[in-house]
2 protein chains.
Amino acid sequence: MPLHPRSRVSSVSGLIALAVLAACGGRNGNQANQAAGGGWAGGDVVSLMQARGLAEKDVVAALKTYTPTGKHDEYYTFASGGHGGNLIVIGVPSMRILKYVGVFTPEPWQGYGYGDQSGDVLRAVKKGGNEITWADMHHPAFSETGGDYDGKYIFVNDKCNPRVAVVDLSDFCTKQIVGSDLIASEHGATFVTPDTDYVVETSQYPAPLGGVYAPIEEFDARYRGAMIFWKFDKQKGRIVEAESFAIELPPYMQDLADCGKKVSDGWVYCNSINTERAYGGILEGKPPLESGATQNDMDYLHCIHWRQAEAVVKAGKTETIAGMRTIRLQTAIDENLLAFVPQPKSPHGCDVTPDGTAIVVGGKLDTHTTVYDALKIAAQMAAKKSVGKDPYGVPILDYQGSIFGQCEIGLGPLHTVFDDKGFAYTSVFIETVVAKWSLKDLKVVQKIDTHFNIGHLVAAEGDTVSPDGRYLIAMNKWALDRFAPVGPLLPQNFQLIDIGGPTMTLLYDMPLPLGEPHNAQMIKADKLKPIDVYKPAGIDPITHQVDKDAVELGKERIERKNDGVHVWMTAVRSHFSPDIVRVKEGDVVHLHVTNVEQAHDATHGLAIGGQNINVSLEPGKHCNIVFTANKAGVYPFYCTEFCSALHLEMAGYLLVEPK
Amino acid sequence: MPLHPRSRVSSVSGLIALAVLAACGGRNGNQANQAAGGGWAGGDVVSLMQARGLAEKDVVAALKTYTPTGKHDEYYTFASGGHGGNLIVIGVPSMRILKYVGVFTPEPWQGYGYGDQSGDVLRAVKKGGNEITWADMHHPAFSETGGDYDGKYIFVNDKCNPRVAVVDLSDFCTKQIVGSDLIASEHGATFVTPDTDYVVETSQYPAPLGGVYAPIEEFDARYRGAMIFWKFDKQKGRIVEAESFAIELPPYMQDLADCGKKVSDGWVYCNSINTERAYGGILEGKPPLESGATQNDMDYLHCIHWRQAEAVVKAGKTETIAGMRTIRLQTAIDENLLAFVPQPKSPHGCDVTPDGTAIVVGGKLDTHTTVYDALKIAAQMAAKKSVGKDPYGVPILDYQGSIFGQCEIGLGPLHTVFDDKGFAYTSVFIETVVAKWSLKDLKVVQKIDTHFNIGHLVAAEGDTVSPDGRYLIAMNKWALDRFAPVGPLLPQNFQLIDIGGPTMTLLYDMPLPLGEPHNAQMIKADKLKPIDVYKPAGIDPITHQVDKDAVELGKERIERKNDGVHVWMTAVRSHFSPDIVRVKEGDVVHLHVTNVEQAHDATHGLAIGGQNINVSLEPGKHCNIVFTANKAGVYPFYCTEFCSALHLEMAGYLLVEPK
């Protein structure tokens, strides 16, 4: 790889470097001298650079990313965990992972889905008659106000079992998971309207609407796509399912969506592939999907007027399918909500510029990004001007009459983000570069090599109305040879690139150790104001209210009721009270546990042997746990967070007497 | 915190620094100049240091840890994921997390426990009549040969539901989980004998042996501890349960263990707390455990002659309890396998020196580490010299006659590791420092501040017969104010310390984003030789053999049999074959899927809608998946690993026809 640094120290600057750090050492006494030489022959920076194979550009990159103890990062990047089903919080520029947030997958360290009320959030939506305990998360989206990140919530999706989750950034906890059986898979999610009125979720692989069966031979007639608009209540911080709606779409593979902003506010755009409507059938003598789906030179950019759709829904022109108010395709056509514009060769990526005037689409098998003109599209739709219709009667707008132009960018352009100086940055998969180009003249100004299989890329607030420039991360799916080997399943590789100045420079390679990040969002750190503790003690984190069974010190008790044995328990360094719980085999046990501490980071865990239970009790948090004591025996319970010198002694016994 | 760096640049060395990097810039042209200044006013390193608040010692630390693209780390650290139930692989000195390895907790990104044969490993051991899908992992241990890490396997434990897992370092996958109902909880696990004949697992909270019930009022008479010796077959890479055995112990809280080596080979040592035999009972008028368990000035170091115990087992002097051959306590006493030596004030930590002559124990409520003499202990036991007996008849050896001496180390010493120069490094919890002291004269030579709640610490091969010195990691459980805030549940904080020279210096603060690492082991990178792909294609990773249902290209097929529908499927960029699977509602479906690729990193995933299934198909890997198609409908399946430009098109349909 061109990025692979050479271990090379010039005699000239190397000697000056030596001089400097010797000087540093001189100032700091033994410590710095030691630090400079510690563990290596010699004791100067030249030998340090040589020993570690650092080139001068590496020294600069190190100083731009190294974040000393106690210093905080400038930005947070929230990356999807892909099929890990969790959310990854990364500090930029240090590229240190600050937290994994459990969303669709149980997470025992966070006590998420391991016995307390968080399990109700995790298991709210079933699919195919089954409980689903993982997800294929793709596109996180911050809540926005006026097209800018407001730092309140982040939304994430599940491609495999269509669901959307709401994560509250006040405590970095998942609060809600919703899903509809209208669609059988999705991809173009989550994307928010500029004031987060709606969270957009779009199907990918067509299927009969509503989860019913239809023979695949009836693909054209009975398989469909759809775009769901989940209504979000910003005050409550919850999606309101009853106020949500959907629009039926033809059985193409709708791909990535983005919402209009400013001049294009009220619109949403979505690219598509497989207008050929291929569905594979290799063993049945048909071509594989990847060739069947790549026959056409053009697919369709979907242009949807969601604000007008809202009015159509209010007017009651919907049909309810699987509980979702759905605007049927013919209604969408009749009401002039939907039009198509041709897109060259297996389009991918769909990104609206900060000023809202343009939509940038890549072509996986093309060498251009195409820049569409939002106003020209709106004008043609208003005038009901079209050059034809697709097989389902959707108007097709004139291609040349809908674009600003194209940028000759290289083979396999995918996604595009923006900076504060009028430049766009596009990931180019086959060429494995990030291309920087000007939105003014659609000319490339620089390309920087990345490692293999770059997919999405993210820039600091780079999809808002006011990007920051500053940092960009190339999300590379392959990592071979980049890191010390870890067996056949490799991490992914985030490459941090400095876009703060005229020239892009690589700063850091970061392995992703768990999950395959698909897309991410990067937000200025000062926009987040998370809480330190739950105040007052006894808060249920799902409702942020004091729980009715919250327990105060001195009020601990055990009562046998009709529905089982209730235990009101407190946790405080270094004991649980009660610490002996006596029940009978077969009893249903209700534990109401409050961590009464209010000191920052004074978290306790409560693990119970044999019950598959571990809850996390951050300061002030209250957990309600219900389980059946199936088997007579003696089950120790104890604190799973190292909380004090006597942490090991923070334990008790669940005594399950035989019947 | 004293560690908090000051943003200070001396005029003198700062100016020299400016000179250097200007020189670097000169040599590298625009790029380096830009890199140095990119995004900041100014354009030199002084302004860079000022902008980022870097002191000169930070510059040195940055150069000692920054690892450029393509350069590999020198060491791997394997840290337990605590109650995350997974294993964390970290590169040193970059402190980048290279991989999370699923062990006791399902992990969809790795396809671990989400539909294929790995679920049989994960769910092999039930507890309390329940399936257990998490763990509280504490102490990883590499397999050893002659007391040195051999890089073949790593073992991990579950404190909450006593189990031990075997992870194969050839592919970083979990191969076996075993557990015994003899004990109800553990802590002193895993620790290996010098040639990995046995993996040691020791109980923590006493309970009746064998998982039976006994009233807690019969604690002294019927509750017990035990140490299990799991027999390991190095050739097969598996624990052999039938050849394993245990030794019954009094109902104290056995804590941490370490195996003798060289002169003390054949022995294992284990400290203990709560010789008071307190068990809490706060609501029942008794003192909380943490005060009941800290009344005595001395507890007992357990000294166990495991080689002799092996002979006693061979002689058949055991009783089988819950399937485990157990040497009863009286037999252990009669056969002279077990003796106690007093230990001052709430002992914690138990670490044998590299030469095997001494055992170092801390005292949580003490100010000393006590250094025990393995040979004096052995001599007293051989001569059957004791100064008394505990309430269970276990001989107590003379304290003064069993120690080298004590080191005055500070308040709250816990764990100790070693370097190659005769120094020991002890974590001191209450004082929050790492103390470096000489094994020769038991004098402290330096203390370095750490952040809050330091627990374990790990040094490069620092618990083997030949430590490397070089690096040490302080594992701090609290992180308040160290990192950008992430809500009430904080990461932990690993602090990398350079111990390569005469003075310890802090290099890096690393947040732990998922799980609470408890202990870790650090191994030289060149000792691991993991495979890149499974060869030939069709390998079952559990057995490392070609699976009987492995599928070759062109041999794909679907057959209905008595036990359901069998599908022999291949995965290759960019399709599955077959890509259409037709079954009837209620059918049991058997998918036999081989990734026929042999290219490094050409991993595919297979996710199936509605079935809670996602498997990871690394190159050459074969998965066997069984599920019941519960509900009629159309379920897309697709590749979950971004594998090619046409990855989105790598999809198919599971068609479940109504009955």
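About the cut-offs
Residues numbered from 1 in each chain as written. Chains lettered and ligands numbered in written order. Predicted model: local features only at pLDDT ≥ 70, side-chain atom pairs only at ≥ 80, totals over all residues. Heavy atoms only, no water. Helix = DSSP H or I, 4+ residues; strand = E, 2+ residues; numbered from the N terminus. Rg over C-alpha atoms; globule rule 2.2 N^0.38 Å. Buried < 20%, exposed > 50% of the residue type's maximum accessible area, 1.4 Å probe, protein only. Contact = heavy atoms within 4.5 Å. Areas by Shrake-Rupley, 256 points an atom, 1.4 Å probe, with all protein chains shown as cover. Lys, Arg positive; Asp, Glu negative; His and termini not counted. Charge placed at Lys NZ, Arg CZ, Asp CG, Glu CD. Phe/Tyr/Trp six-rings, centres within 6.5 Å; stacked < 30°, edge-to-face > 60°. Pairing = 2+ DSSP bridges. Axes fitted to C-alpha atoms, helices over the stretch in contact; angles between N-to-C directions. Buried area = accessible area lost by both parts, 1.4 Å probe. Salt bridge = Lys/Arg side-chain N within 4 Å of Asp/Glu carboxyl O. Least-squares fit on C-alpha atoms with pLDDT ≥ 70 in both. Left-handed = near helix turned anticlockwise from the far one by under 90°. Nonpolar A, V, L, I, M, F, W, Y, C, P; charged D, E, K, R; others polar. Patch = residues over 30% accessible without salt bridge, like charges linked within 9 Å, V, L, I, M, F, W, Y side chains within 5 Å. pLDDT = per-residue confidence, 0-100. 1 Å grid on protein atoms, 1.4 Å probe; cavity = no way out; pocket = protein on both sides within 12 Å on 5 of 7 lines; lining within 4 Å. Points joined across faces, edges and corners; volume = space filled by probe spheres on them. Arc of directions from axis to C-beta. Polar contact = N/O pair within 3.5 Å; in protein donor to acceptor, adjacent residues only side chain to side chain.

This part takes up the overall build of chain A. The secondary structure content of chain A amounts to 10 helices and 46 strands. Relative to the 2.2 N^0.38 estimate, which gives 26 Å for 659 residues, the radius of gyration of chain A is 28 Å and therefore close to what a compact globule would have. With the principal axes as the frame, chain A shows a C-alpha extent of 75 × 75 × 50 Å. Counting only residues that meet the buried cut, chain A has 71% of its 659 residues in that class. At a minimum sequence separation of 6, the contacts of chain A that also span at least 24 residues come to 61%. Accessible surface computed for chain A: about 18500 Å², of which carbon and sulfur atoms make up 52%. For chain A, the distance from the average position of its 60 positive side-chain charges to the average position of its 77 negative side-chain charges is 2 Å.

Residues and elements named next belong to chain B. Under the definition given, this model contains 53 aromatic pairs over all chains. Each ring, one from Tyr252 and one from Tyr300, has its centre 5.9 Å from the other, and the planes form 55°; the classification is tilted. Of this pair, Tyr252 sits in the loop between β13 (238-249) and β14 (253-259) while Tyr300 sits in strand β16 (residues 298-305), and the two are 48 residues apart along the sequence. Overall, Tyr300 belongs to the buried group, its relative accessible area being 16%. Taking the centre distance of 6.4 Å and the plane angle of 70° together, the rings of Tyr372 and Tyr399 count as edge-to-face. Taken together, the residues span a long stretch of sequence, with Tyr372 in strand β22 (residues 368-373) and Tyr399 in the loop between β24 (395-396) and β25 (403-408) at a distance of 27 residues.

Looking now at the sheet that holds strand β21 (residues 358-363) of chain B. All names here are of chain B. On the basis of which strands lie adjacent, the open sheet formed by four strands has the order β20-β21-β22-β25 and antiparallel pairing. The sheet is open, and its two edges are formed by β20 (347-352) and β25, each paired on a single side. With direction set aside, neighbouring strand axes in the sheet form an average angle of 20°. Where β20 meets β21, four bridges bridge the pair, whose relative direction is antiparallel. Looking across to β21, one finds that Val352 is bridged to Ile359. Sitting on the sheet, helix α10 (residues 374-382) is in contact with β21, β22 and β25, with an inclination near 50° to β22.

Every contact between the two is made by 203 residues of chain A and, on the other side, 202 residues of chain B. Of the roughly 17500 Å² buried at the junction of chain A and chain B (both faces included), carbon and sulfur atoms supply 63%. Taken as a group, A:Tyr66, A:Trp109 and A:Phe642 account for 5% of the area that chain A buries against chain B, more than any other trio of residues on that side. Between the two partners, chain A and chain B, sit six salt bridges.

Before going further, it helps to examine the relation of the copies chain A and chain B. In screw terms, the move from chain A to chain B is a rotation of 180° and a rise of 0.0 Å along the axis, fitting with an RMSD of 0.0 Å. Between the two chains, the operation in question is that of a two-fold axis. Relative to the rotation axis, the closest C-alpha in chain A is found at A:Ala62, a distance of 2.9 Å. Mapped onto chain B, 99% of the interface residues of chain A again fall at the interface, so both copies present the same surface.

Residue and element names in this part refer to chain A. Sheet architecture is open: five strands sit in the order β40-β46-β45-β42-β43, paired in mixed fashion. What marks the edges here is a single partner per strand, and that holds for β40 (580-584) and β43 (613-617). Taken over all neighbouring pairs, the strand axes of this sheet differ in orientation by 15° on average, direction set aside.

Packing of helix α4 (residues 56-65) of chain A against helix α4 (residues 56-65) of chain B brings their axes to within 9 Å, and their N-to-C directions diverge by 115°. Note that α4(A) runs across α4(B); the crossing there is right-handed. Two secondary-structure elements touch here, α4(A) through A:Val59, A:Ala62 and A:Leu63 and α4(B) through B:Val59, B:Ala62 and B:Leu63. Looking at the contact of α4(A) with α4(B) residue by residue, the classes come out as six nonpolar, no polar and no charged.

Our next topic: a nonpolar patch on the surface. Residue and element names in this part refer to chain A. Nonpolar side chains collect at one region of the surface, where Leu365, Leu411 and Ile430 lie side by side and expose about 220 Å² of accessible area between them. Position of Leu411 among the secondary structure elements: in the loop between β25 (403-408) and β26 (413-418). Take Leu411: its relative accessible area is 37%, and that puts it in the partly exposed class.

Once that is clear, we can look at the pattern of salt bridges. Applying the stated criterion across every chain yields a total of 66 salt bridges over all chains. In this structure, A:Arg470 engages A:Glu74 in a salt bridge whose closest nitrogen and oxygen atoms are separated by 3.2 Å. With A:Arg470 in strand β31 (residues 469-476) and A:Glu74 in the loop between α4 and β1 (75-80), this pair connects stretches of sequence that are 396 residues apart. The residue B:Lys236 makes a salt bridge to B:Asp233 at a minimum N-O spacing of 3.5 Å. Members of the salt-bridge network, linked through shared partners, are A:Arg224, A:Glu248, A:Glu319 and A:Arg328.

What follows deals with the confidence of the model for chain A. Residue and element names in this part refer to chain A. In the predicted model, chain A carries a mean pLDDT of 93, and the fraction of residues at 70 or more is 93%. Per-residue pLDDT stays below 50 along residues 1-43; that stretch engages in 108 contacts with residues further than four places along the chain or on separate chains. Interface confidence for the predicted complex, given as ipTM, is 0.94, next to a pTM of 0.95.

This part takes up the layout of surface pockets. Each pocket or cavity is described by its volume, and for the largest pocket that value is around 600 Å³. Around the largest pocket, the lining is made up of 24 residues, and of these A:Arg123, A:Glu131, A:Thr133, B:Glu131 and B:Thr133 lie nearest the centre. Of all the elements in the fold, those that place two or more residues in the lining of the largest pocket are β44 (622-628) of chain A together with β44 (622-628) of chain B. Its residues assigned to classes, the lining of the largest pocket comprises 10 nonpolar, 10 polar and four charged.

Residues and elements named next belong to chain A. For helix α10 (residues 374-382), every residue scored as buried is listed here: Ala374, Ile377, Ala378, Gln380 and Met381. End-on, the buried residues of α10 take up no more than an arc of 165°, which puts them together on one face. Lining the buried residues of α10 we find β15 (267-273), β16 (298-305), β19 (338-344), β21 (358-363) and β22 (368-373). Capping the start of α10 is the job of one residue whose side-chain oxygen sits 2.9 Å from the backbone nitrogen of Leu375: Asp373.

Before going further, it helps to spend a moment on the pairing of β44(A). Along any regular strand, the residues point their side chains to alternate faces of the sheet. Residues and elements named next belong to chain A. The buried count for β44 comes to five of seven residues, which makes it a mostly enclosed element. In this sheet, β44 lies alongside strand β41 (residues 588-595) in antiparallel orientation, the contact comprising seven bridges. Pairing of Val589 across the sheet is with Phe627, part of β44.

Looking at the secondary structure, you find A:His83 in the loop between β1 and β2 (86-92). With residues up to four places along the chain from it excluded, the contact list for A:His83 reads A:Trp134, A:Ala135, A:Asp136, A:Met137, A:Glu516, B:Pro108, B:Trp109, B:Asn614, B:Thr640 and B:Glu641.

It is worth spelling out the side chain of B:Asp547 at this point. Residue and element names in this part refer to chain B. Mapped onto the secondary structure, Asp547 falls in the loop between β36 (545-546) and β37 (557-561). No salt bridge is formed by the buried Asp547, whose closest oppositely charged neighbour, Lys548, lies at an N-O distance of 5.4 Å. Side-chain polar atoms of Asp547 contact the backbone nitrogen of Asp549, separated by 2.8 Å. Dropping the residues within four chain positions of it, Asp547 is found in contact with Gly538, Asp540, His622 and Asn624.

Here the focus is the pairing of strand β7 (residues 148-158) of chain A. Residue and element names in this part refer to chain A. When you tally the buried positions in β7, you get nine out of 11 residues, the bulk of the element. Bridge analysis of β7 against strand β8 (residues 163-168) gives six bridges, and the strand direction is antiparallel. Directly across from Tyr153, in β8, lies its bridge partner Asp168. Counting the residues between successive antiparallel strands, the hairpin from β7 to β8 contains four residues.

Residue and element names in this part refer to chain B. Taken together, the buried positions of helix α8 (residues 306-314) are Trp306, Ala309, Glu310, Val312 and Val313. Seen end-on, α8 carries its buried residues on one side only, within an arc spanning 165°. Looking at the residues trailing α8, positive phi occurs at Gly316, about 80°.

Cis geometry marks the peptide bond from A:Ser577 to A:Pro578, where omega comes out at 0°. Mapping A:Pro578 onto the fold places it in the loop between β39 (575-577) and β40. Despite not being glycine, A:Phe172 shows a phi value in the positive range, around 60°. Considering the arrangement of structural elements, one finds A:Phe172 in the loop between β8 and β9 (173-179). Owing to a relative accessible area of 2%, A:Phe172 belongs among the buried residues under this scheme. Notably, B:Ser346 is not glycine yet its phi reads approximately 50°, a positive angle. Within the secondary structure, B:Ser346 is located in the loop between β19 (338-344) and β20.

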